[in-house]
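# Descriptive analysis of the structure
In case you want the letters, here they are:
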Amino acid sequence: MKKKIITIIGARPQIIKSSAISRAVKNEFNEQLEEIIVHSGQHYDASMSSIFLEEMSIPQPKYNLGVGSGSHGAQTGKMLEGLERIFLDEKPDAVLVYGDTNSTIAGALAAAKIRIPVVHVEAGLRSFNKSMPEELNRVACDHMSTLLFTPTETGITNLKKEGFAIENVNKASADNPKVYHCGDIMFDNSLYFSDVSAKKSEILKAHNLTTNDYVLMTVHRDSNTDVKENMESIFQSVVDLSSKYNLPFVLPLHPRTKGKLETQLSSELYQKVMDSNKVQIIEPVGFLDIIALEKNARMIVTDSGGLQKESFFFEKPCVILRPQTEWIEIVNNGNALLADADRVRINEAFDALYLKTDYTYPSFYGDGKAAEFICQKIVNEL
Ligand code: UD1
Ligand code: UDP
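Residues numbered from 1 in each chain as written. Chains lettered and ligands numbered in written order. Predicted model: local features only at pLDDT ≥ 70, side-chain atom pairs only at ≥ 80, totals over all residues. Heavy atoms only, no water.

### Observations concerning the packing of aromatic side chains
Scanning all chains against the criterion turns up 17 aromatic pairs. Measuring from centroid to centroid gives 5.9 Å for Tyr180 and Phe373, while their planes differ by 70°, and the two rings are edge-to-face. Note that Tyr180 is positioned in strand E7 (residues 178–181) and Phe373 in helix H18 (residues 370–381), a separation of 193 residues in sequence. Tyr180 sits in the buried class, given a relative accessible area of 14%. Both rings, one in Phe312 and one in Tyr361, keep their centres 5.2 Å apart while their planes meet at 55°; by these two values the pair is tilted. Of this pair, Phe312 sits in helix H15 (residues 305–313) while Tyr361 sits in the loop between helix H17 (343–355) and H18; the two residues are 49 residues apart in sequence, bridging distant segments of the chain. Note on Tyr361: relative accessible area 25%, which makes it partly exposed. One aromatic cluster in this structure is built from Phe187, Phe312, Phe313, Trp327, Tyr359, Tyr361, Phe364 and Tyr365. (Phe/Tyr/Trp six-rings, centres within 6.5 Å; stacked < 30°, edge-to-face > 60°. Helix = DSSP H or I, 4+ residues; strand = E, 2+ residues; numbered from the N terminus. Buried < 20%, exposed > 50% of the residue type's maximum accessible area, 1.4 Å probe, protein only.)

Given below as structure tokens:
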């Protein structure tokens, strides 16, 4: 009999991530697994949600809770209530959650409380900064999961320190969780969609961009958007660097950031950014377009977890607008620099990475087959 898994999606990165598992279920595990997608509705703009379902061939969600935006408690609470109802009706063999968002913790908690095994993809990552909502979500989620899949060796090390028995050979359960290092499903997706993007994306032409002659930048972390000084420093650096290097900065801006530009920046800086012919603020783009933007950029500047790694996949230096990162390998290997939201550090990091030439790209993120590995373990272990 097929095992029924419910996959929880909600925020942009997990919608994108889910495509790798859905593809593996469809192509290789169709006889063993049935997948039902549940969308929490955390992200709802077409450019943050439906565009990915369409262009990445993700099956239409059977349910969409439509919770929308809200405070952490309100948003997570609505999800918990809706998800529990669905889980009780559908009686899945497992609930699969990705990453570290409010949709992740809601899916894990609702399932674990009614004794449905939780599968956590992207387990074991830590920033060791509990002021990040994502750190709370990921630590809690790991500790209620039955199967944990880490994208990196660092993930295994972190879980070992928290008491997980990595060599566990007994049957997996919530009290006896099993941990596997499987590589990063986003590496699977980036490999898979790279050629499709090369064939289909027109984004460079649409914005008059030339290969290796612009910087791709994204900002959306609450610690950056919600603190005036941080937004000011970051955008001051955009003005400094775009003018110093005579390079266009392209910013597909998350709605959270877009909504705060005018209120968080001084009116003088806001005007400078808006008037600059080197700063292009555009709507968030689809995955095929972001890959094209990543592959052709001279450098990437970001506070996004996803973009940090994709900069490595596509061999671009990356300035990270955060004080620490869960993807520490790329910093330790010299591919990226942590610059926080500090104008001086951002400018210095950019200068250093711009000049550096001896980059290397070891295979930190697996072999592009993480999704198949995860499906096989679900079939064997649950
Ligand atoms: C969430 C995740 C974060 C992840 C990010 C990916 C949590 C706690 N945070 O942050 O880890 O990196 O998604 O993008 O789960 N908004 C819209 N339209 C949308 C979605 C959001 O306008 O479709 C605006 C709303 O003003 C909303 C704000 O963005 O209040 C923040 O959205 P929310 O989902 O709460 O958090 P993100 O910052 O997106
Ligand atoms: N992304 C996208 N379009 C954009 C910006 C980002 O498709 O305009 C993709 C990006 O390539 C990555 C994912 O969204 O795969 C990352 O999501 P986000 O930055 O929202 O969240 P994080 O990874 O920080 O949680």
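After that view of the structure, there is still more to cover.
### Side note on the side chain of Arg23
Following the sequence through the fold, Arg23 ends up in helix H1 (residues 12–28). Among buried charged residues, Arg23 stands out as having no salt bridge; its nearest opposite-charge side chain is Asp188, 5.7 Å away. Beyond its immediate chain neighbours, meaning those up to four positions away, Arg23 contacts Asp188, Asn189, Tyr192 and Phe193. (Lys, Arg positive; Asp, Glu negative; His and termini not counted. Salt bridge = Lys/Arg side-chain N within 4 Å of Asp/Glu carboxyl O. Contact = heavy atoms within 4.5 Å.)

### So, the sheet that holds strand E9 (residues 249–252)
The 6 strands lie next to each other as E10-E9-E8-E11-E12-E13, forming an open sheet whose pairing is parallel. At either margin of the open sheet sits one strand with a lone partner, and together these are strand E10 (279–282) and strand E13 (336–338). Taken over all neighbouring pairs, the strand axes of this sheet differ in orientation by 20° on average, direction set aside. Inspection of the sheet shows strand E12 (residues 318–320) paired to E13 by 3 bridges, in the parallel sense. Paired with Ile320 across the strands is Leu338, a residue of E13. (Pairing = 2+ DSSP bridges. Axes fitted to C-alpha atoms, helices over the stretch in contact; angles between N-to-C directions.)

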